[in-house]
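Commentary on secondary and tertiary structure
Spelled out from the first residue to the last, the chains are:
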Amino acid sequence: MPTHRPPLLCLLLAAACSTPPADTPEELEFPNEAARWRYERYLDEHGSIPPQAWQRASEARARNVAAATAQTDGPGVSPLAWTQRGPDNVAGRTRSIAIDPTDPQRIWVGAVSGGLWQSTDGGATWAIVDDWWSNLSVGCIALDPANPNVIRVGTGEGFWSLAHLQRSFSHFVRGAGVLESTDGGVTWTQLPGTANWQHTTRIAISPGNPNVLLASRRPGGIARSADGGQTWTDVTAGMVTDPFSWQVLFDPNDGSKAVAHLAPGSVATHHVIRSTDGGQTWQFAGSGLASVNGEFSRIELAYAPSTPGMVYASVGSSGKVWRSTDAGQNWTQRTGSQSTGASYYYNALWVDPTNHDRLLLGDVNVRRSTDGGQTFTTIANGYIMTTEPHPDVHGFVPDPGFDGGTNRRVYVATDGGVHVAADYLTASSSGWQDLDQTMRSTQFYAAAAHHLGDVVIGGTQDNGTLRVMGGNPTANLVYGGDGGQVQIDPTNPQYTYGEYQYLGVHRSINGGASASNISAGLADNGAGRSNFIAPLRLDPNDPNRLYAGGRSLWRMPNARTGAGASWTAIKSSVGSLIASIAITPGVPDRIFVGHNDGRLYRTTNGTAASPLWTALDDNAGLDPLPDRVPTRLVVDPSMPSTVYACFGGFAADNLWRSTDAGLTWTPLPGTAPFALPAAPVYGLAVHPDDGDVLYAATEVGLFASDDGGAHWSASNDGPANAVCEEVTFAHGTGPRRLVLATLGRGLWTADVVRPTAVPFGVACAGHASPPQLDVDPLAPARLGRTMTLVASGLQLGQPGAWIAIGLSDTVWAGGALPFPLDGFGMTGCALQTSIEVALLAAVSGGGEARWDLALPGNPGLLGLPLFAQALASEPGTNPAGLVTTRPVALTLGW
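Residues numbered from 1 in each chain as written. Predicted model: local features only at pLDDT ≥ 70, side-chain atom pairs only at ≥ 80, totals over all residues. Heavy atoms only, no water.

1. Focus: the overall build of the protein chain
Helix and strand counts for the protein chain stand at three helices and 71 strands. Against the 2.2 N^0.38 benchmark of 29 Å for 894 residues, the protein chain shows a C-alpha radius of gyration of 31 Å, consistent with a compact globule. The C-alpha extent of the protein chain, read off along each of the three principal axes, is 105 × 65 × 55 Å. Counting the 894 residues in the protein chain, one finds 62% classified as buried. A sequence separation of at least 24 residues applies to 58% of the contacts in the protein chain between residues at least 6 apart. (Helix = DSSP H or I, 4+ residues; strand = E, 2+ residues; numbered from the N terminus. Rg over C-alpha atoms; globule rule 2.2 N^0.38 Å. Buried < 20%, exposed > 50% of the residue type's maximum accessible area, 1.4 Å probe, protein only. Contact = heavy atoms within 4.5 Å.)

2. Topic: the sheet that holds strand β45 (residues 600-603)
Read from one edge to the other, the open sheet built from four strands follows the order β43-β44-β45-β46, with strand pairing classed as antiparallel. In the strand order of this sheet, the two ends are held by β43 (578-584) and β46 (613-617), each with one partner. Averaged over all adjacent pairs, the angle separating strand axes in this sheet is 25°, with direction ignored. Relative to β45, strand β44 (residues 587-595) runs antiparallel, the two sharing four bridges. By the bridge assignment, Ile-591 is partnered in β45 with Thr-603. (Pairing = 2+ DSSP bridges. Axes fitted to C-alpha atoms, helices over the stretch in contact; angles between N-to-C directions.)

3. Examining the nonpolar core
Tyr-695, Leu-738, Leu-773, Leu-789 and Trp-851 are the most contacted members of the largest nonpolar core, which totals 42 residues. Aside from chain neighbours lying at most four places away, what touches Leu-738 is Val-77, Trp-82, Ala-685, Tyr-695, Val-727, Thr-728, Phe-729, Trp-748, Thr-749, Ala-750 and Val-752. Formed by 34 residues, the second largest nonpolar core is a distinct cluster that contains Tyr-39, Leu-655, Leu-668 and Leu-694. (Core = buried A, V, L, I, M, F, W, Y, C linked by side-chain atoms within 4.5 Å.)

4. Points about unusual backbone geometry
Look at the link from Arg-218 to Pro-219: it is a cis peptide, with omega at -5°. Looking at the element boundaries, Pro-219 is found in the loop between β11 (213-217) and β12 (221-225). A cis amide bond links Leu-817 to the next residue, Pro-818, at an omega of 0°. Looking at where Pro-818 falls in the secondary structure, it is placed in the loop between β64 (815-816) and β65 (819-820). Positive phi is not limited to glycine here, since Asp-242 has a value of about 50°. Of note, Asp-242 is situated in the loop between β13 (233-234) and β14 (248-251). Residue Asp-242 is classed as partly exposed on the basis of its relative accessible area, which comes to 32%. Even without being a glycine, Asp-392 presents a positive backbone phi close to 80°.

5. Observations regarding the pattern of salt bridges
Summed over the entire model, instances satisfying the criterion amount to 33 salt bridges. When the shortest N-O distance is used, the salt bridge between Glu-300 and Arg-202 registers 3.0 Å. With a gap of 98 residues between them, Glu-300 in strand β19 (residues 299-303) and Arg-202 in strand β10 (residues 200-205) connect regions that are remote in the sequence. Taken individually, Glu-300 and Arg-202 each receive the classification buried, so the pair is uniform in this respect. The partner of Arg-754 in a salt bridge is Asp-690, with the nearest N and O atoms 3.1 Å apart. Of the two residues, Arg-754 sits in the loop between β58 (747-751) and β59 (756-759) while Asp-690 sits in the loop between β53 (681-686) and β54 (694-698), which places them 64 residues apart along the sequence. Judged by relative accessible area, which is 27%, Asp-690 ranks as partly exposed. One continuous salt-bridge network, built from bridges that share partners, spans Arg-38, Arg-41, Glu-699 and Glu-725. (Salt bridge = Lys/Arg side-chain N within 4 Å of Asp/Glu carboxyl O.)

6. A look at the packing of aromatic side chains
For the structure on display, the rule yields 15 aromatic pairs. Geometrically, the ring pair formed by Trp-37 and Tyr-445 is edge-to-face, given 5.4 Å between the ring centres and 85° between the ring planes. Of this pair, Trp-37 sits in helix α2 (residues 31-40) while Tyr-445 sits in strand β31 (residues 444-450), and the two are 408 residues apart along the sequence. In this structure Trp-37 comes out as buried when scored by relative accessible area, which is 9%. Taken together, the aromatic side chains of Phe-159, Phe-244 and Trp-246 make up a single cluster linked through ring pairs. Positioned above the aromatic ring of Tyr-345, the side-chain terminus of Arg-95 is 5.2 Å from the ring centre. (Phe/Tyr/Trp six-rings, centres within 6.5 Å; stacked < 30°, edge-to-face > 60°. Lys NZ or Arg CZ within 6 Å of the ring centre and 35° of its normal.)

7. Here's the deal with the state of the cysteines
Tallied over the full model, the rule gives one disulfide. Between Cys-646, a cysteine without a disulfide, and Cys-724, which holds the nearest cysteine sulfur, the sulfur-to-sulfur distance is 13 Å. (Disulfide = S-S within 2.5 Å.)

8. Quick look at the confidence of the model for the protein chain
For the protein chain, mean pLDDT is 92; residues scoring 70 or higher make up 93% of the total. Counted against residues more than four places away or in other chains, residues 163-171, with its pLDDT under 50, gives 38 contacts. (pLDDT = per-residue confidence, 0-100.)

9. A few points about the sheet that holds β31
The sheet built from four strands is open, its strands ordered β31-β32-β33-β34 with antiparallel pairing. Each of the sheet's edge strands pairs with one partner strand only, and the pair in question is β31 and β34 (472-479). The mean inter-strand angle of the sheet, taken between neighbouring strand axes irrespective of direction, is 25°. Examined bridge by bridge, strand β32 (residues 455-460) and strand β33 (residues 465-469) share five bridges and lie antiparallel to one another. The residue bridging Gly-458 from the neighbouring strand is Leu-466, located in β33.

10. Overview of the side chain of Arg-599
Relative to the helices and strands, Arg-599 is located in the loop between β44 and β45. A relative accessible area of 17% means that Arg-599 is categorised as buried. A polar side-chain atom of Arg-599 sits 2.9 Å from the main-chain carbonyl oxygen of Val-574. A distance of 2.8 Å separates the side chain of Arg-599 from the side chain of Asp-597, its partner in a polar contact. Once residues lying within four places of it in the same chain are set aside, the contact partners of Arg-599 are Val-574, Gly-575, Ser-576, Val-593, Gly-594, Asp-617, Asp-618 and Asn-619. (Polar contact = N/O pair within 3.5 Å; in protein donor to acceptor, adjacent residues only side chain to side chain.)

11. Some details on the environment of Thr-465
Mapping Thr-465 onto the fold places it in strand β33. Sequence-wise, Thr-465 and Leu-871 are 406 residues apart; in three dimensions their C-alpha atoms are separated by 58 Å. Reaching out from Thr-465, the side chain makes a polar contact with the side chain of His-506 at a distance of 3.4 Å.

12. Describing the pairing of strand β2 (residues 94-99)
Among the six residues of β2, six are classified as buried, and the element is accordingly described as predominantly covered. Looking at chain direction, β2 and strand β3 (residues 107-111) are connected through five bridges and run antiparallel. Bridging from a neighbouring strand, Ile-99 pairs with Ile-107 of β3.

Now the structure itself:
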């Protein structure tokens, strides 16, 4: 059910809002379509997701990391290499807030795919609790009121409506049960018996006994624990088929009473249920609101603490508010002709604990009632980056000192993070504060970057297209709504391109400061005519040529200046939407197009007015590739005949390579345990200087290979345990910079400098078999690690060998290098490195000497050249009885 809002409201509220771009679109809400798009990328060829698929993929990643601890991660990017680019001022979707009742400066916030965040200064700044939890999808938080150092976090976000997702996944990130801390968030453990819980939507603690817990789950319904979460019992089994629950609450005045939402897996009917024995048994509510029909009819409940037995309910779809005065048994509709905008996706409800007639309701906006839910007034109508709460409201939490008089402070969770009203009774277009600063939980679908200006641009879930520049993590809004694919002109980064949902293409001519829509004339701009996030690609051979995929493939030949009439369809519809596009570097006529159903096409005259297309995979007689969504097509920039195809689906073989421009294909799964998990691969980056070095963005993190996909490592290649939507290299002059878009932990970049060791010069002249110097391949010159230099072929029985390490191979101590050593009795030998460090090592029985050097993890040393040369005893070879090895030139890398 789309919801419309005034697109330029913030221009009218300049005192309270940041100004959006001039061509900002309406905030159209399509959460269900976003769900469908992500869900389709989860499916295998049979249209299904295997049981425990996410868990198995996550476990496979863990095995990969464990196996790599003693191995060299050749193409790896050290955790030290990653720079979190923000944004600092735009948080991602948040559904849970918890505040320490003994210290209101201590706040916990759950990002639905970006982890648990903590503030110790009342929300002024935030820090991630742990980027390497087994799961970063936080659905709910519960603090033990008797001991706020006991914190329980339910993982997984379960608020979606598509009935067919019930038994498998949602478009939101799957969870992994309940995590608990008993020391204020320092250490965490998974509660036994919850590991298989996919989406834990609420955790309720009995006011009479903190060891009695209730949890609402999807799927699974209500579970109860009487021992603080150590063991659990399903208490709603059999009430409906395939039960699930979005909410459960204890009566704050009576721990024997509780209410909850319950629905069957078909999502056909939603029920209010109640318990009078502390959640051990449950009954359906009686009159008024026993059940509500309709897929979108989520029921949100809230007790009125000031009046025992009073409970309110907000019903999605109908937008009506109900009230019970007998603990949820019987209900009366409160709203008349007025309806709220509540739905399955946004439906928040809170009752003032001091006055049962005062309510806050969250749908797209924040609404207030002072007459017990009979009428509502909109008190916040914010947008992206405004001080008023962001659209799509998910929860309310009062300050621990709330008293209804001098303290009426209320916090709000939204699709854009956290806001607070100093006084919820007087708040309207003013009286709000945005608390997003440093909460880097933005959900990005895509990213692109350019070295000039150090620009990174990305498209986000419900936070528009954003740009960060230089070392400043504060983003500006390029274009509003849901952002999608983005492109930067590699030759002139003043021209950038992005999209609003459903191929609403926009262009910036000022480097991303603002953008204007250029989709007029693009007939596939709209729901059902393109994917929710549709492919958009600039031609690497001519950055004035832009391609967009919907039902057809569209081309704009004059992207820098073209208007809507410039769009031309150059590939007809085949009945399946286009999911991916690739244009061959150096061969502009060779274009690849992948469709949602797995079909793949190629043209070899793509710049012609009407290109001819050939099926490389038609899902019938010619079917070399999986019949899954081809999420990304990538051509090797240094080898135009090599093309890669990434696929969705929790299935094996989601990355394929062709070395003959698409005629034949080979999967690149890797070799266990150094293999890609059976999980969707959303993006691929090929190193511009070495086609064997690959980086794969997957549903369970970032993986890398330095042998063309024969082996994959995840040990150092993901800056956080987050869904990785896109990985690519930055354009322009500078170091090879990897750019990563994550769904929940924002944007990241890393300068990829690989450690090298290259012998140069000569050993002692006339020596038939001089000793050799090299670097142990398992311990290269990686910053933050130990480098091992190895001299081999040494004469046995000698006391030791020396190594000289320096910063130059041309000058030392005022003299030129190489420096002949003949005058020291070392005939034909020469010193070929400066000596900043000299180290002695014993010679082993195998004729080796090894030197271990701990390298600092200082990013400022990245790319630093070092030189090394070994000196060893070899009596009889020359008057001095000493020989040198060939020197080795080293480059410090990650």
